Amino acid sequence: MMIKPNRRAVLVGAAALMVPAVARAQSLRVRVSFNDQQVTYQLSDNPTVRDLVSMLPAELEIQDFSTNEKIVHLPRRLDEGGFEAFSDETPGDLCYFLGWGNLALFHDDYTFRDDLIRLGHIEGDVAPLLHKGTYPVRIEMI
């Protein structure tokens with residue numbers, strides 16, 4: 001006996017295929033909270049982001065690094081399939097640093113050197129990232 005899908009199921013499935021991947025990815029947002037500070041990132045849709053999302057929510061530690069970023073060490077390395085060179089570096093970018101396997105939350109200018117995977121970009125101001133110190137951090141999907 002062959003089961004035929006009903007018309008509604010076929011239409012819903014067809015509509016989902018017609019929505020561009022970019023539009024579907026717009027629902028990927030993450031909140032980073034530490035010491036009464038909070039930032040939200042709009043995430044890209046790539047294998048590295050999907051691997052990060054698979055480990056959330058996470059309670060980790062955030063700390064200052066250099067003069068232009070905060071970093072978060074992850075419990076494990078991420079899938080590097082999202083690697084793609086870029087040249088439009090912007091304060092507010094969220095990246096994965098291939099060298100150490102950590103997140104880099106840039107709050108000032110930086111340069112891509114074939115060692116970063118861009119994961120997304122901040123929604124709003126980078127001011128919360130200027131809050132100096134090392135703190136417990138919670139990273140969660142919203």
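Shown above is the structure to which this text applies.
To keep things clear, this report deals only with the structure shown in the data block.

The rules behind the values
Residues numbered from 1 in each chain as written. Predicted model: local features only at pLDDT ≥ 70, side-chain atom pairs only at ≥ 80, totals over all residues. Heavy atoms only, no water. Helix = DSSP H or I, 4+ residues; strand = E, 2+ residues; numbered from the N terminus. Buried < 20%, exposed > 50% of the residue type's maximum accessible area, 1.4 Å probe, protein only. Contact = heavy atoms within 4.5 Å. Areas by Shrake-Rupley, 256 points an atom, 1.4 Å probe, with all protein chains shown as cover. Pairing = 2+ DSSP bridges. Axes fitted to C-alpha atoms, helices over the stretch in contact; angles between N-to-C directions. Phe/Tyr/Trp six-rings, centres within 6.5 Å; stacked < 30°, edge-to-face > 60°. Lys NZ or Arg CZ within 6 Å of the ring centre and 35° of its normal. Salt bridge = Lys/Arg side-chain N within 4 Å of Asp/Glu carboxyl O.

**Remarks on the overall build of the protein chain**
Item 1. A count of helical and extended segments in the protein chain gives three helices and eight strands.
Item 2. If you list the helices and strands of the protein chain from N to C, you get α-α-β-β-α-β-β-β-β-β-β.
Item 3. Counting the 142 residues in the protein chain, one finds 41% classified as buried.
Item 4. Counting contacts in the protein chain only where the partners sit at least 6 residues apart, residues at least 24 apart contribute 62% of the total.
Item 5. As displayed, the protein chain has an accessible area near 8300 Å², and 55% of this comes from carbon and sulfur atoms.

**Regarding the sheet that holds strand 6 (residues 102–106)**
Item 1. Sheet architecture is closed into a barrel: eight strands sit in the order 1-2-7-5-6-4-3-8, paired in antiparallel fashion. Looking at each pair of strands side by side, their axes are set apart by 35 degrees on average, direction ignored.

**Overview of the environment of phenylalanine 65**
Item 1. When you line up the elements, phenylalanine 65 lands in strand 3 (residues 58–65).
Item 2. Residue phenylalanine 65 is classed as partly exposed on the basis of its relative accessible area of 32%.
Item 3. For the pair phenylalanine 65 and alanine 104, spaced 39 residues apart in sequence, the C-alpha separation works out to 8.8 Å.
Item 4. When near neighbours in sequence (up to four residues on either side) are disregarded, phenylalanine 65 contacts Lys70, Ile71 and Trp100.

**Topic: the packing of aromatic side chains**
Item 1. With the rule as written, the count across this model stands at six aromatic pairs.
Item 2. An aromatic cluster of three or more residues is present, and its members are Phe65, Phe97 and Trp100.
Item 3. In this arrangement the basic side chain of arginine 118 is found over the ring face of phenylalanine 86, its NZ or CZ atom lying 4.0 Å from the centre.

**A few points about the pattern of salt bridges**
Item 1. In the structure shown here, the tally under the stated rule is eleven salt bridges.
Item 2. The partner of arginine 29 in a salt bridge is glutamate 123, with the nearest N and O atoms 2.9 Å apart. Separated by 94 residues along the polypeptide, arginine 29 in strand 1 (residues 29–34) and glutamate 123 in strand 7 (residues 116–123) bring together distant segments of the chain.
Item 3. For arginine 29, a relative accessible area of 28% corresponds to the partly exposed category.
Item 4. Between aspartate 93 and arginine 118 there is a salt bridge, with the nearest N and O atoms lying 3.1 Å from each other. In this pair, aspartate 93 sits in strand 5 (residues 93–97) while arginine 118 sits in strand 7, placing the two residues 25 residues apart along the sequence.
Item 5. Shared partners join several salt bridges into a network, and the residues in it are Arg31, Glu59, Arg138 and Glu140.

**Details of the side chain of asparagine 102**
Item 1. Here asparagine 102 lies in strand 6.
Item 2. On the basis of relative accessibility, which here comes to 1%, the residue asparagine 102 falls in the buried class.
Item 3. Asparagine 102 has contacts with Ile71, Val72, His73, Cys95, Tyr96 and Phe97, leaving out every residue within four places of it along the chain.

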